[in-house]
Protein chains: 2
Amino acid sequence: MHPFSVTIIGSGNVATHFAKAFQQAGATIRQVYSRNPANARKLAKLTGAKATGSMARIESGADLYLVAVKDDAIAGLVKQLDAGDGIVVHTAGSVSIQALEGFSRYGIFYPLQTFSKKAAVRFEGLPLCIEASDKKTFRMLESLAELLGAKVYRLDSEQRAAAHLAAVFACNFSNHLYAVAEKLLHKYKLPFSLIRPLIEETAHKALVQSPSDSQTGPAFRNDKAVMKKHLDALRKNPGWKEIYRLLSADIYRNRKSRNS
Amino acid sequence: MHPFSVTIIGSGNVATHFAKAFQQAGATIRQVYSRNPANARKLAKLTGAKATGSMARIESGADLYLVAVKDDAIAGLVKQLDAGDGIVVHTAGSVSIQALEGFSRYGIFYPLQTFSKKAAVRFEGLPLCIEASDKKTFRMLESLAELLGAKVYRLDSEQRAAAHLAAVFACNFSNHLYAVAEKLLHKYKLPFSLIRPLIEETAHKALVQSPSDSQTGPAFRNDKAVMKKHLDALRKNPGWKEIYRLLSADIYRNRKSRNS
């Protein structure tokens with residue numbers, strides 16, 4: 001691929017990790033936009049780019065414009081963007097490709113991974129969901145994804161929204177259940193480290209088999225005595241009690257439907 | 001430690017993995033009891049023990065009697081057990097140590113890990129929650145745990161019940177959310193492999209930091225537009241919709257209480 005130039009719209013976690021990854025892969029980062037000029041300068045400095053706090057200052061001529069901002073900010077920002085012949089992509093899970101229809105070439109670069117500012121992101125093997133305005137653009141985005149070491153999945157906007165929803169269950173909600181567990185342990189003066197090997201093993205099993213096949217626990221065994229004790233222990237936290245009740249019921253329902 | 005003998009009451013996952021681990025650590029497995037004689041014979045054969053389907057045939061004289069059966073079967077079985085001077089332990093998370101008060105020495109060996117028949121269990125570093133009738137017995141159980149390579153935690157019965165409850169949230173419920181995610185993906189003809197790196201990274205983060213500190217997603221950002229889309233996508237599954245709603249509300253509540 002010829003020397004490739006990228007302009008980054010946004011300065012959050014996703015924008016930052018993509019900017020760094022593109023630069024490391026040999027691309028030139030031309031400009032970084034953020035509505036917060038200080039953030040734009042910070043990321044621009046990190047990647048040898050120019051910073052701007054004004055969409056009017058974004059220059060045409062970059063090969064790729066990567067829009068990595070909050071979902072509801074995408075439509076407003078891209079209206080102000082003159083991308084010329086460049087490809088415009090956004091990185092959102094739940095925003096349709098139609099939001100970019102005004103450009104000559106456009107697409108989606110949705111990474112199915114949790115990004116945080118502190119932790120480094122491994123792009124090697126990162127699932128990248130791609131959608132594009134046309135075949136040529138798709139192939140271009142695919143090459144770029146491979147340049148980053150990512151694993152390409154071709155998803156339309158409806159599939160991408162479903163993948164995003166699945167990710168909320170598997171990642172955001174699971175993490176919150178870890179947090180609930182941590183609070184329960186602390187309440188009884190127990191360290192979170194007590195259940196870390198369990199968390200590790202549970203995730204590991206899901207990596208090698210179907211999670212439906214490795215379900216265990218009182219709800220799966222329909223062990224009513226244990227569930228009653230647990231609900232009783234949660235009586236002072238009606239929110240957690242209801243979460244326990246609903247998830248247990250769904251585990252049991254799922255077991256029945258599998259066995260029938 | 002002198003040559004050590006263990007009799008195993010039970011033939012399920014926990015019984016099987018402990019029997020093998022004790023044997024590999026140099027102990028003699030004397031007898032295996034199961035109400036299903038074929039299962040008893042199978043595990044006995046695997047560990048060089050004698051099998052029995054009758055509690056009356058359990059001989060006294062073993063150093064340790066490990067009771068690894070369903071919670072509600074423990075009380076009935078131990079009533080029939082003549083353990084002499086041997087230590088009697090059960091492996092349940094939610095059964096009080098009082099269930100064993102009839103014996104001269106007794107305790108708890110509660111492993112905080114998910115066991116399945118197929119997958120090998122790594123005893124190295126396995127969190128083992130121990131409680132005992134007396135100091136000498138505690139030290140004995142501690143030595144045995146270390147012999148297996150496990151990591152000893154001293155928990156009383158109330159703490160153990162809390163740890164079990166925390167494990168249900170962090171392991172059983174998380175795994176069920178993986179299963180829900182898998183179903184959502186399959187509905188849109190997407191492979192579960194799409195979110196495996198995300199599951200791995202989410203668990204990995206919990207191993208190195210507090211899960212409260214790494215929460216992300218629409219509920220945490222209070223992104224109402226995305227949550228509305230998700231709830232709408234779940235309209236045909238009221239159970240999942242309610243799980244989505246409850247967990248999102250709890251994530252947001254938790255964020256607020258942390259910030260205040």
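That block above? That's the structure.
This report concerns the structure included in the present document. Bear in mind that the values here come from a model prediction, so they are computed numbers and not experimental data. (Residues numbered from 1 in each chain as written. Chains lettered and ligands numbered in written order. Predicted model: local features only at pLDDT ≥ 70, side-chain atom pairs only at ≥ 80, totals over all residues. Heavy atoms only, no water.)

### Re the sheet that holds strand 6 (residues 105–111) of chain B
All names here are of chain B.
Consideration 1: The strand order across the open sheet formed by eight strands is 3-2-1-4-5-6-7-8, and the pairing between neighbours is mixed. Whereas interior strands pair on both sides, the edge strands pair on one side only; in this sheet they are strand 3 (50–52) and strand 8 (151–154). The sheet shows a mean angle of 25° between the axes of neighbouring strands, taken without regard to direction. (Pairing = 2+ DSSP bridges. Helix = DSSP H or I, 4+ residues; strand = E, 2+ residues; numbered from the N terminus. Axes fitted to C-alpha atoms, helices over the stretch in contact; angles between N-to-C directions.)

### So, the relation of the copies chain A and chain B
Consideration 1: Expressed as a screw transformation, the operator carrying chain A onto chain B has a rotation angle of 180° and an axial translation of 0.0 Å, and the superposed copies differ by an RMSD of 0.0 Å. Between the two chains, the operation in question is that of a two-fold axis. Within chain A, the C-alpha atom positioned nearest to the axis of rotation is that of A:S174, 2.4 Å from it.
Consideration 2: The residues that chain A uses at the interface reappear at the interface of chain B in 100% of cases, marking a shared surface. (Least-squares fit on C-alpha atoms with pLDDT ≥ 70 in both. Contact = heavy atoms within 4.5 Å.)

### With respect to the nonpolar core
Consideration 1: Of all hydrophobic cores here, the largest spans 118 residues; its most connected members are A:F169 and B:F169.
Consideration 2: Once residues within four sequence positions are removed from consideration, B:F169 is found in contact with A:L177, A:V180, A:A181, A:L184, A:L234, A:W240, A:I243, A:Y244 and B:S174. (Core = buried A, V, L, I, M, F, W, Y, C linked by side-chain atoms within 4.5 Å. Buried < 20%, exposed > 50% of the residue type's maximum accessible area, 1.4 Å probe, protein only.)

### Overview of empty space enclosed by the protein
Consideration 1: Overall, the coordinates contain four cavities of 30 Å³ or more when judged by the stated rule.
Consideration 2: Taken as a whole, the largest cavity holds about 50 Å³ of empty space.
Consideration 3: Looking at the largest cavity, the residues that line it are A:T114, A:C171, A:N172, A:N175, B:T202, B:K205, B:S214, B:Q215 and B:T216.
Consideration 4: Sorting the residues of the lining of the largest cavity by element identifies helix 5 (157–187) of chain A together with helix 6 (196–208) of chain B as the ones contributing at least two each. (1 Å grid on protein atoms, 1.4 Å probe; cavity = no way out; pocket = protein on both sides within 12 Å on 5 of 7 lines; lining within 4 Å. Points joined across faces, edges and corners; volume = space filled by probe spheres on them.)

### Focus on unusual backbone geometry
Residues and elements named next belong to chain A.
Consideration 1: A positive phi angle is found at K189, which is not glycine, with a value near 55°.
Consideration 2: On the secondary structure map, K189 appears in the loop between helix 5 and helix 6 (196–208).
Consideration 3: The backbone of N222 sits at a positive phi, close to 55°, despite the residue not being glycine.

### Here's the deal with the packing of helix 5 of chain A against helix 8 (residues 224–233) of chain B
Each packed pair of helices is defined by two parameters, the angle between the axes and the distance between the axes.
Consideration 1: Between helix 5 of chain A and helix 8 of chain B, the least distance of the axes is 11 Å, while the angle of their chain directions is 95°. By the angle between their axes, helix 5 of chain A is roughly perpendicular relative to helix 8 of chain B. Note on element contacts: helix 8 of chain B touches helix 5 of chain A through B:V226, B:H230 and B:A233, opposite A:A161, A:H164, A:L165 and A:V168.
Consideration 2: Residue classes in the contact of helix 5 of chain A with helix 8 of chain B are distributed as five nonpolar, two polar and no charged. (Parallel < 35°, antiparallel > 145°, perpendicular 65-115°, else oblique. Nonpolar A, V, L, I, M, F, W, Y, C, P; charged D, E, K, R; others polar.)

### Observations concerning the interface of chain A and chain B
Consideration 1: Across the boundary between the two partners, chain A contributes 87 residues, which contact 88 residues of chain B.
Consideration 2: Linking chain A with chain B are zero salt bridges.
Consideration 3: Elements that contribute at least two residues to the side of chain A that touches chain B include exactly strand 7 (127–132), helix 5, helix 6, helix 8 (224–233) and helix 9 (238–259) of chain A.
Consideration 4: It is helix 5 of chain A that provides the largest number of residues to the side of chain A that touches chain B, a total of 27 residues.
Consideration 5: In terms of residue class, the side of chain A that touches chain B is built from 49 nonpolar, 24 polar and 14 charged. (Salt bridge = Lys/Arg side-chain N within 4 Å of Asp/Glu carboxyl O.)

### Examining the pattern of salt bridges
Consideration 1: For the coordinates displayed, the defined rule picks out 14 salt bridges over all chains.
Consideration 2: Here A:E59 makes a salt bridge to A:K50, at a shortest N to O gap of 3.1 Å.
Consideration 3: A relative accessible area of 47% means that A:K50 is categorised as partly exposed.
Consideration 4: With a closest N to O distance of 3.5 Å, B:R221 and B:D223 form a salt bridge.

### As for the environment of B:R154
All names here are of chain B.
Consideration 1: Within the element layout of this structure, R154 appears in strand 8.
Consideration 2: Separated by 12 residues in the primary sequence, R154 and E142 have C-alpha atoms spaced 9.2 Å apart.
Consideration 3: Dropping the residues within four chain positions of it, R154 is found in contact with I130, F138 and Q159.

### Concerning the packing of aromatic side chains
Between two aromatic rings, the relevant description is the distance of the centres plus the angle of the planes.
Consideration 1: In total, this model carries 16 aromatic pairs over all chains according to the counting rule given.
Consideration 2: Ring geometry for A:Y244 and B:F173: centres 5.2 Å apart, planes at 70°, overall edge-to-face. With A:Y244 in helix 9 and B:F173 in helix 5 (residues 157–187), this residue pair bridges two chains. Taken as a pair, A:Y244 and B:F173 share a single burial class, namely buried.
Consideration 3: Considering the side-chain rings of B:F18 and B:F123, the 5.3 Å spacing of their centres and the 75° angle between planes classify their relative orientation as edge-to-face. Pair noted here: B:F18 is in helix 1 (residues 13–24) and B:F123 is in the loop between strand 6 and strand 7 (127–132), with a separation of 105 residues, a long-range link. Side by side, B:F18 and B:F123 carry an identical accessibility label, which is buried. (Phe/Tyr/Trp six-rings, centres within 6.5 Å; stacked < 30°, edge-to-face > 60°.)

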